Amino acid sequence: MSILQLSSSSLSFLSPRKSLSSSPKSPRTIRCSLEGTTVTERKVSATTEPLLLRAVKGEVIDRPPVWLMRQAGRYMKSYQTLCEKYPSFRDRSENADLVVEISLQPWKVFKPDGVILFSDILTPLSGMNIPFDIVKGKGPIIFNPPQSAADVSQVREFVPEESVPYVGEALKRLRNEVGNEAAVLGFVGAPFTLSSYVIEGGSSKNFTQIKRLAFSQPKVLHALLQKFTTSMITYIRYQADSGAQAVQIFDSWATELSPVDFEEFSLPYLKQIVEAVKQTHPNLPLILYASGSGGLLERLARTGVDVVSLDWTVDMAEGRDRLGRDIAVQGNVDPGVLFGSKEFITSRIEDTVKKAGRDKHILNLGHGIKVGTPEENVAHFFEVAQGIRY
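Residues numbered from 1 in each chain as written. Predicted model: local features only at pLDDT ≥ 70, side-chain atom pairs only at ≥ 80, totals over all residues. Heavy atoms only, no water.

Within an unreviewed UniProt entry, the label attached to the chain reads Uroporphyrinogen decarboxylase, and the organism entered is Brassica napus. Turning to the chain, the UniProt record has this under Function (unreviewed entry): "Catalyzes the decarboxylation of four acetate groups of uroporphyrinogen-III to yield coproporphyrinogen-III." (UniProt positions renumbered as here; feature names shortened; annotations may be inferred.)

Topic: the sheet that holds strand 11 (residues 361–365)
Strand order in the open sheet formed by seven strands is 3-6-7-8-9-10-11, and the pairing between neighbours is parallel. Of all the strands in the sheet, the pair left with one neighbour each is strand 3 (114–116) and strand 11. Along the sheet, successive strands turn relative to each other by an average axial angle of 25 degrees, direction set aside. As paired strands, strand 10 (residues 328–333) and strand 11 are joined by five bridges and run parallel to one another. Bridge pairing in strand 11 links Asn332 to Asn364. Along the sheet, helix 12 (residues 267–280) contacts strand 7 (246–250) and strand 8 (286–289); its crossing angle with strand 8, the most-contacted strand, is approximately 165 degrees. (Pairing = 2+ DSSP bridges. Helix = DSSP H or I, 4+ residues; strand = E, 2+ residues; numbered from the N terminus. Axes fitted to C-alpha atoms, helices over the stretch in contact; angles between N-to-C directions. Contact = heavy atoms within 4.5 Å.)

A few points about the packing of aromatic side chains
For the coordinates displayed, the defined rule picks out ten aromatic pairs. Measuring from ring centre to ring centre gives 5.4 Å for Phe89 and Phe118, while their planes differ by 55 degrees; the resulting arrangement is tilted. Here Phe89 is found in helix 3 (residues 89–93), whereas its partner Phe118 is found in the loop between strand 3 and strand 4 (132–135), with 29 residues between them in sequence. Considered together, Phe89 and Phe118 belong to a single accessibility category, that of buried residues. Between Phe215 and Phe265, the aromatic rings sit 6.4 Å apart at their centres with planes inclined by 65 degrees, giving edge-to-face as the arrangement. Note that Phe215 is positioned in helix 9 (residues 208–216) and Phe265 in helix 11 (residues 259–265), a separation of 50 residues in sequence. Members of the aromatic cluster, joined through ring pairs, are Tyr79, Phe89 and Phe118. Looking at Arg90, its charged tip hangs above the ring of Phe132, at a distance of 4.3 Å from the centre. (Phe/Tyr/Trp six-rings, centres within 6.5 Å; stacked < 30°, edge-to-face > 60°. Buried < 20%, exposed > 50% of the residue type's maximum accessible area, 1.4 Å probe, protein only. Lys NZ or Arg CZ within 6 Å of the ring centre and 35° of its normal.)

What follows is the structure, encoded as structure tokens:
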């Protein structure tokens, strides 16, 4: 049997459900043919492990699980309404009630296979003695960027139970709400990406400050990287103990490094995180995402993570060949596709799924949903994705 047929004559098993509003809690049976074979999908019982986790393990499943980065956010009218009442991002992301409400907004509408915590990778900074804020229209601002060994010595180790108890509370409640109908996802920032924000004082285009520190005072940067590494190990374990069933590590800015510098300033710390977490939580899937990672794919796999999330600049088929079939992949539809027609969105989903194959693939975008994305197009993405059958 072939992995997947996507020709126009065999799209019957890729046809979306007729109604997105039909409740997944209602018993249903979908039959579709694949080269003479009948596939039957039945209601998932409450005790069945979430589809996303089964996909990571390489189990035989009927379709790829699907969720979208930034699926809870500014493109949703319900989120925009809530922002009018709570205009501060930190107010929204540091209150357990609001975190749960926002995290569940896309779940209630689209029923994704992953429900990710509404938060920010910079959330731990205050607990590490690094004052910051996230300002509308400007993004993150670090008030006193560390510039010396003395400054780095003032950075404290992160204790999530003390600094972000709302994260643990929100994850517990999300797990209770979602059950095993979807996987609850946590996330953290990678050491180099967190260090970049902190040293640059916020977002950056040229990364001049972090590179100046890396190449003129590498010991200072390594000291900061180690503090973030130790803290993120603790934070991942805390999220897992609170209910997260998988955790995504965002190393968004690591691809600003050359391969040789990635091997010094990012790779060792990512490996350290994975090795330490696997010692205490061996069954916790770890997903690694780095934007623009085409030049570093093989090195990302060397971190030991369970899943590499590809951005849209990497051809999915080529990415799978480069990574090998032992590691799961996530992605990687261009988020800009969601501004296209429904037919165009469908074709890109089909292309991605065909190239990924039927084993160890989580369907997602290659980056977060963009501001202004039509909500009805996101609904169409999920409808098509959830109707796919291998």
